[in-house]
Amino acid sequence: MTTSVNIDAIMNQPGRVRALRRVVETVADGLGTLVDLYRRPYVDGLQNLPRDGRFLLVGNHTQFGAEVFLIPYLVRRAIGPRVRPLADRGIGRLRGAAGDLFAAYGAVVGAPETARELMRHNETILVFPGGGREMPKFKGEEYTLRWQGRSGFARLSVQHNYPIVPVGLVGADDVYQSLTTRQGRWGQLIQGLTEKLAGRTDMAFPLVHGVGPTPIPRPQRMYLRFAAPIDSTKPARVSAEKWVAAVKQNTQESLEQTLADLLIIRSSDPYRELNPLAWRNATPSPTER
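Residues numbered from 1 in each chain as written. Predicted model: local features only at pLDDT ≥ 70, side-chain atom pairs only at ≥ 80, totals over all residues. Heavy atoms only, no water.

Enquirer: Which parts of the structure should I look at to understand the pairing of strand β2 (residues 56-59)?
Expert: Moving residue by residue along a regular strand, the side chains alternate between the two faces of the sheet. Neither face of β2 is exposed, since L56 and V58 on one face and L57 and G59 on the opposite face are all buried. Bridge count between β2 and strand β5 (residues 124-127): three bridges; the pairing is parallel. Within the sheet, the bridge partner assigned to L56 lies in β5 and is I125. Sheet topology places β2 next to strand β6 (residues 164-170); four bridges connect them, and they run parallel. In the strand pairing of β6, L56 is matched with I164. (Buried < 20%, exposed > 50% of the residue type's maximum accessible area, 1.4 Å probe, protein only. Helix = DSSP H or I, 4+ residues; strand = E, 2+ residues; numbered from the N terminus. Pairing = 2+ DSSP bridges.)

Enquirer: Mind showing me how you'd approach the sheet that holds strand β9 (residues 223-226) here?
Expert: Paired through their backbone hydrogen bonds, the strands of a sheet run either parallel or antiparallel. The strand order across the open sheet built from seven strands is β1-β9-β6-β2-β5-β3-β4, with neighbouring strands paired in mixed fashion. Among the strands making up the open sheet, the edge pair consists of β1 (42-44) and β4 (108-109). Both strand β3 (residues 83-87) and β5 contribute to a ladder of three bridges, which runs parallel. Bridge pairing in β5 links P85 to L126. Helix-sheet contacts for helix α7 (residues 152-159) involve β2, β5 and β6, and the interaxial angle to β2 is about 160°. (Contact = heavy atoms within 4.5 Å. Axes fitted to C-alpha atoms, helices over the stretch in contact; angles between N-to-C directions.)

Enquirer: Could you clarify how one ought to interpret the environment of D231 in this entry?
Expert: Here D231 shows up in the loop between β9 and α9 (240-267). Taking the relative accessible area as the measure of exposure, D231 reaches 54% and is therefore exposed. Within the structure, the side chain of D231 is placed 2.8 Å from the side chain of T233, a separation counted as a polar contact. (Polar contact = N/O pair within 3.5 Å; in protein donor to acceptor, adjacent residues only side chain to side chain.)

Enquirer: I tried to follow the pairing of β3 on my own but got confused; where do I start?
Expert: Among the five residues of β3, five are classified as buried, and the element is accordingly described as predominantly covered. Across the two faces of β3 the burial is the same, with V83, P85 and A87 and R84 and L86 all buried. When β3 meets β4, the two strands line up parallel, connected through two bridges. From the neighbouring strand, L86 faces β4, where its bridge partner is V108.

Enquirer: Could you clarify how one ought to interpret α9 in this entry?
Expert: In an α-helix, one turn spans 3.6 residues; hence positions three or four apart end up facing the same way. In a regular helix each residue adds 1.5 Å, so 28 residues correspond to 40 Å; α9 covers 41 Å between its end C-alpha atoms and thus fits that length. Of the residues making up α9, those classed as buried are W243, V244, V247, K248, T251, L255, T258, L259, L262, I265 and R266. Taken together, the buried residues of α9 touch β1, β2, α7, β6 and β9. (Expected span 1.5 Å × (residues − 1).)

Enquirer: Where do I start with the pattern of salt bridges in this structure?
Expert: Pairing between side chains of opposite charge can happen when the charged atoms of each approach one another. Tallying each qualifying case throughout the model produces 10 salt bridges. Notably, a salt bridge pairs E117 with R120, separated by 2.6 Å at the nearest N-O pair. Here R120 and E117 lie together in helix α6 (residues 112-120), a separation of three residues that amounts to about one turn. Its salt-bridge partner being R155, residue E241 comes within 3.2 Å of it at the nearest N-O pair. A residue pair is termed long-range when its members are at least 10 positions apart, and E241 in helix α9 and R155 in helix α7 qualify at 86 residues. Among the charged side chains, a network of salt bridges with common partners joins D44, R225 and D261. (Salt bridge = Lys/Arg side-chain N within 4 Å of Asp/Glu carboxyl O.)

Enquirer: Where do I start with the environment of F205 in this structure?
Expert: Looking at where F205 falls in the secondary structure, it is placed in the loop between α8 (185-198) and β8 (208-209). Sequence separation of F205 and R133 is 72 residues, and the distance between their C-alpha atoms is 9.3 Å.

Enquirer: Before we go on, may I ask you to explain the packing of aromatic side chains in this structure?
Expert: Geometry of an aromatic ring pair is reported as the spacing of the ring centres plus the angle between the planes. The tally for this structure, following the rule as stated, stands at three aromatic pairs. Pairing Y42 with Y223 gives two aromatic rings, centres 5.9 Å apart and planes at 35°, and the pair type is tilted. Taken together, the residues Y42 in strand β1 and Y223 in strand β9 connect sequence positions 181 residues apart. With respect to class, Y42 is no different from Y223; both count as buried. Summarising the aromatic geometry, the rings of F64 and Y176 are spaced 6.3 Å apart at their centres and angled 55° between planes, so their arrangement reads as tilted. You can see F64 sitting in the loop between β2 and α3 (67-79) and its partner Y176 sitting in the loop between β6 and β7 (177-178), a full 112 residues away along the chain. Above the ring of W279, the side-chain terminus of R40 is found at 4.9 Å from the ring centroid. (Phe/Tyr/Trp six-rings, centres within 6.5 Å; stacked < 30°, edge-to-face > 60°. Lys NZ or Arg CZ within 6 Å of the ring centre and 35° of its normal.)

Enquirer: Any chance you could explain the side chain of S232 here in plain terms?
Expert: Residue position: S232 is located in the loop between β9 and α9. Given the relative accessible area of 0%, S232 is considered buried. Once residues within four sequence positions are removed from consideration, S232 is found in contact with S157, V158, N161, Y162, P163, W243 and V247.

Enquirer: I'm lost on a nonpolar patch on the surface in this one. Help?
Expert: Residues L179, W186, L189, L193 and L207 make up a contiguous nonpolar surface patch of roughly 520 Å² in combined accessible area. Relative to the elements of secondary structure, L193 occurs in helix α8. Classification of L193 by relative accessible area gives partly exposed; the value is 47%. (Patch = residues over 30% accessible without salt bridge, like charges linked within 9 Å, V, L, I, M, F, W, Y side chains within 5 Å. Areas by Shrake-Rupley, 256 points an atom, 1.4 Å probe, with all protein chains shown as cover.)

See below:
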């Protein structure tokens with residue numbers, strides 16, 4: 001199968017994109033001060049990031065999408081290199097100003113050939129194995145992974161001996177709350193309509209609400225942790241397929257444990273809903289203690 005990914009454009013971006021990248025990073029650095037001051041995200045595990053920048057970040061998608069921006073920002077602030085998120089092919093086909101902004105942010109089409117090229121150049125890469133289907137969360141599905149049939153990230157990591165750093169984010173699945181379960185009456189109706197329109201049910205988005213019955217986002221503090229790196233180097237006498245499966249399982253188990261730990265931390269944090277009166281009593285990040 002031929003690829004539609006322009007590798008040269010990814011690795012050798014035109015001048016207008018490089019200039020826009022500097023603007024994007026300047027804006028992000030400026031907003032970072034406000035984020036730290038008011039939203040005060042809980043951040044743990046930055047010491048687990050390999051300082052050479054050669055690693056694959058594997059995270060969980062949320063319906064609010066805060067992880068797409070928060071993870072790259074924190075990594076660049078901690079160790080310097082730009083993170084290259086792997087995005088949906090549809091987003092990668094954007095043209096004009098939207099396409100330039102997409103490229104300036106560092107995101108690339110999430111295709112195997114793209115990931116291989118980034119790994120050959122020792123880039124810092126971010127992937128969400130669940131893809132877009134992990135973003136719509138019906139009631140009871142918050143902070144769950146949907147990785148069925150998704151092992152490409154593990155295979156590429158094994159092929160290139162690329163370390164994996166699981167990174168979990170809690171908080172963003174509570175900005176909006178679903179009104180129904182996937183198996184509920186309305187959930188079944190939504191999935192049926194989605195199947196008729198798109199030919200699949202895994203991208204069905206539930207009806208949600210924010211503050212009260214409104215679409216206003218519910219204020220939520222973000223909790224993020226970078227887990228210990230996972231070595232993807234294949235041992236001798238272990239078949240490639242078995243090792244790929246083991247790397248995927250180890251990564252998923254590490255990320256699920258990370259999410260469980262963050263949920264516990266959040267449950268006792270008086271500042272979890274960003275109440276200004278609780279700001280001084282917020283659970284501190286490890287670096288603040």
